[in-house]
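Structural features, examined
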Amino acid sequence: MKKILFITTVLLGQWLLSQNHDIQQVVTTPNGFYSKPLKTQKEDHKIDGSPYSNGDRFDKVIIKDYSKNVQDLRYNAYYDEMEFKMGNELYYANKEDGLKIQFPELKKTYESLTYTYEGKTKTGYLVLLVDRPKYTLYKREKMELMAGTKSNNGFTQDAHDYYEKDKDLYMISKDKKFYKFPKNTSDAAELFSVDKKELESFVKSNKINFGKEPDMIKLTEFVNK
């Protein structure tokens, strides 16, 4: 194995020892994926709902060239972080640009990226839907924290703040730049630099809906051929 993650007896012993000294470092790996992770932020008040787009459980993951003993992870779509649990504590894994994290049971793969979209540069995780050299299709999942409402009388309780799923954002990566997925055939022909008539024929014969994920995948696969 090219890289050894955790957990070995020595590293586990170091972690247990560190708990007595309040040391943030949990595990050190050659590339730093789990090195000096940050503790998750603890909310100081009740929040309804969940920040996790795939549910609260930690799932098995596969990372190419890593040991099979990778820590179980879950994606926090509010903080845009991969979380893992060590003992009773939650931590964020370090982001490594280009790292692909596959969740077999969820049939999803996330990629850690630093990308620029609409003039803003961000480092985070995107769901990888079509992985091709020419055009790559990504999906950004996001949770918003919405404010609860105060009771206007003495009979009902205040409503807690709550997590609400934001609309998924689909993006095409082209020449290392990110663009919003096209909304119609004309926009698609321009973005993908393909013949408009040929694309119209494909869209019509396959009944492509530019707002549905399976059709977005099918269209992206087509323009990559």
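1. Quick word on the pairing of strand 13 (residues 177-180)
One face of the sheet, then the other: side chains in a regular strand alternate in exactly this way. In terms of strand pairing, strand 12 (residues 169-174) meets strand 13 through 4 bridges, oriented antiparallel. Looking at the pairing, Ser173 lines up with Phe178 of strand 13. Remark: 2 residues form the turn of the hairpin made by strand 12 and strand 13, two consecutive strands paired antiparallel; Asp175 in that turn has positive phi of roughly 55°.

2. What to know about the sheet that holds strand 2 (residues 47-48)
With mixed pairing, 3 strands are arranged side by side in an open sheet as 2-11-10. With partners counted over all chains shown, the strands left at the sheet margins are strand 2 and strand 10 (143-146), one partner each. One ladder, built from 4 bridges, connects strand 10 with strand 11 (residues 161-165); its direction is antiparallel. The partner of Met146 across the bridge, within strand 11, is Tyr162.

3. What to know about the nonpolar core
Counting 19 residues, the largest nonpolar core has Leu73, Met82, Ile101, Phe103 and Tyr110 as the members making the most contacts within it. Secondary-structure elements contributing two or more residues to this core are strand 4 (81-86), strand 6 (100-103) and strand 8 (120-130). Top contributing element to this core by residue count: strand 4, with 3 residues. Not counting residues up to four positions away in its chain, the partners in contact with Tyr110 are Ser53, Asn54, Tyr75, Met82, Leu99, Lys100, Ile101, Phe103, Tyr125, Leu126, Val127 and Glu141.

4. Some remarks on the side chain of Ser173
Among the secondary structure elements, Ser173 is positioned in strand 12. Those residues within four positions of Ser173 in sequence are excluded, and the remaining contacts are Lys134, Tyr135, Thr136, Tyr138 and Phe178.

5. Some details on helix 3 (residues 196-205)
When helix 3 is considered as a whole, its buried residues turn out to be Leu199, Phe202 and Val203. The arc that holds the buried residues of helix 3, viewed along the axis, is 100°, so those residues lie on one side. Exposed residues on helix 3 whose side chains face more than 90 degrees from its buried face are Lys197, Lys204 and Ser205. Elements in contact with the buried residues of helix 3: helix 2 (185-192) and helix 4 (213-224). Sitting at the amino-terminal end of helix 3 is Asp195, which places a side-chain oxygen 3.2 Å from the backbone nitrogen of Lys197. The positive-phi residue at the C-terminal boundary of helix 3 is Lys207, with phi of around 50°.

What counts and how
- Residues numbered from 1 in each chain as written.
- Predicted model: local features only at pLDDT ≥ 70, side-chain atom pairs only at ≥ 80, totals over all residues.
- Heavy atoms only, no water.
- Pairing = 2+ DSSP bridges.
- Helix = DSSP H or I, 4+ residues; strand = E, 2+ residues; numbered from the N terminus.
- Core = buried A, V, L, I, M, F, W, Y, C linked by side-chain atoms within 4.5 Å.
- Buried < 20%, exposed > 50% of the residue type's maximum accessible area, 1.4 Å probe, protein only.
- Contact = heavy atoms within 4.5 Å.
- Arc of directions from axis to C-beta.
- Polar contact = N/O pair within 3.5 Å; in protein donor to acceptor, adjacent residues only side chain to side chain.

Purely spatial values, then, with no claim about function.
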